Amino acid sequence: FCRIIAGEVPAERLHETDDVVVIRDTHPQAPVHLLVLPREHVATLNDASPHLVAALYEAAKEVAQDGGFADTGYRTVINVHRQGGQTVWHLHLHVLAGRAMRWPPG
């Protein structure tokens, strides 16, 4: 993800702030599957500051509003470590929408 943020790897950028970049996931698990990436390399949620966590969720809220799915519903997910489903060691927030979500997720 650091290379995407640096512009070395192409990605569809949908939203950017000083703290985060939002891209479309290349392996979507829902009709809308976005990733909110902190510009700063942080390995897991355990390493993130409260400011950064707030920036991730503020960006998710903004892309949901801009994307027209804020009122119909969406899910946000942060996977932490292997048992939590994390496969990339750069903190990222998944934003999933466009279909009804089930519980439990998996």
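What this report covers is the structure whose coordinates are included nearby.

### Thoughts on the pattern of salt bridges
So, step 1. Counted under the stated rule, the structure contains 5 salt bridges.
So, step 2. Across the pair E8 and R3 runs a salt bridge, and its minimum N-O distance is 3.4 Å.
So, step 3. Exposure remark for E8: the relative accessible area of 54% places this residue in the exposed category.
So, step 4. In this structure, K61 engages E58 in a salt bridge whose closest nitrogen and oxygen atoms are separated by 3.5 Å.

### Things to note about the sheet that holds strand β1 (residues 13-16)
So, step 1. In space, the 5 strands of this open sheet follow the order β1-β2-β3-β5-β4, with antiparallel pairing throughout. Taken across any chain shown, the strands that pair with only one partner, and hence form the sheet edges, are β1 and β4 (74-77). Strand-to-strand twist of the sheet, defined as the mean angle between neighbouring strand axes without regard to direction, takes the value 20°.
So, step 2. In terms of strand pairing, strand β2 (residues 20-24) meets strand β3 (residues 32-38) through 5 bridges, oriented antiparallel. When the bridges of β3 are listed, R24 appears paired with L34.
So, step 3. Docked against the sheet, helix α2 (residues 50-67) engages β1, β2, β3, β4 and β5 (93-97), running at close to 150° with respect to β3.

### Side note on the pairing of β2
So, step 1. With respect to burial, β2 is a largely interior element, 4 of its 5 residues being buried.
So, step 2. Between β1 and β2, which follow one another and run antiparallel, lie 3 residues.

### Observations concerning the nonpolar core
So, step 1. Judged by nonpolar contacts, the single largest core of 20 residues is most densely connected at L34, V36, L56, F69 and L91.
So, step 2. Sorting the residues of this core by element identifies β2, β3, α2 and β5 as the ones contributing at least two each.
So, step 3. Per-element tally for this core: the top contributor is α2, with 7 residues.
So, step 4. Residues in contact with L56, not counting those within four places in the same chain, are V20, V36, L37, P38, I78, L91 and L93.
So, step 5. Membership of the second largest hydrophobic core comes to 6 residues, among which are I5, V21, I23 and L35.

### Side note on the environment of R75
So, step 1. Inspection of the secondary structure assignment puts R75 in strand β4.
So, step 2. Residues within four places of R75 in sequence aside, it is in contact with H94, V95, L96, M101, R102, W103 and P105.

### Side note on α2
So, step 1. For α2, built from 18 residues, the straight-helix expectation of 26 Å at 1.5 Å per residue is met to within 8% by its first-to-last C-alpha distance of 26 Å.
So, step 2. Residues of α2 that are buried include every one of L52, A55, L56, A59, A60, V63 and A64, and no others.
So, step 3. Residues of α2 that are buried sit in contact with β1, β2, β3, β4 and β5.
So, step 4. A positive phi of about 80° marks G68, the residue just after α2.

The rules behind these values
Residues numbered from 1 in each chain as written. Predicted model: local features only at pLDDT ≥ 70, side-chain atom pairs only at ≥ 80, totals over all residues. Heavy atoms only, no water. Salt bridge = Lys/Arg side-chain N within 4 Å of Asp/Glu carboxyl O. Buried < 20%, exposed > 50% of the residue type's maximum accessible area, 1.4 Å probe, protein only. Pairing = 2+ DSSP bridges. Helix = DSSP H or I, 4+ residues; strand = E, 2+ residues; numbered from the N terminus. Axes fitted to C-alpha atoms, helices over the stretch in contact; angles between N-to-C directions. Contact = heavy atoms within 4.5 Å. Core = buried A, V, L, I, M, F, W, Y, C linked by side-chain atoms within 4.5 Å. Expected span 1.5 Å × (residues − 1).

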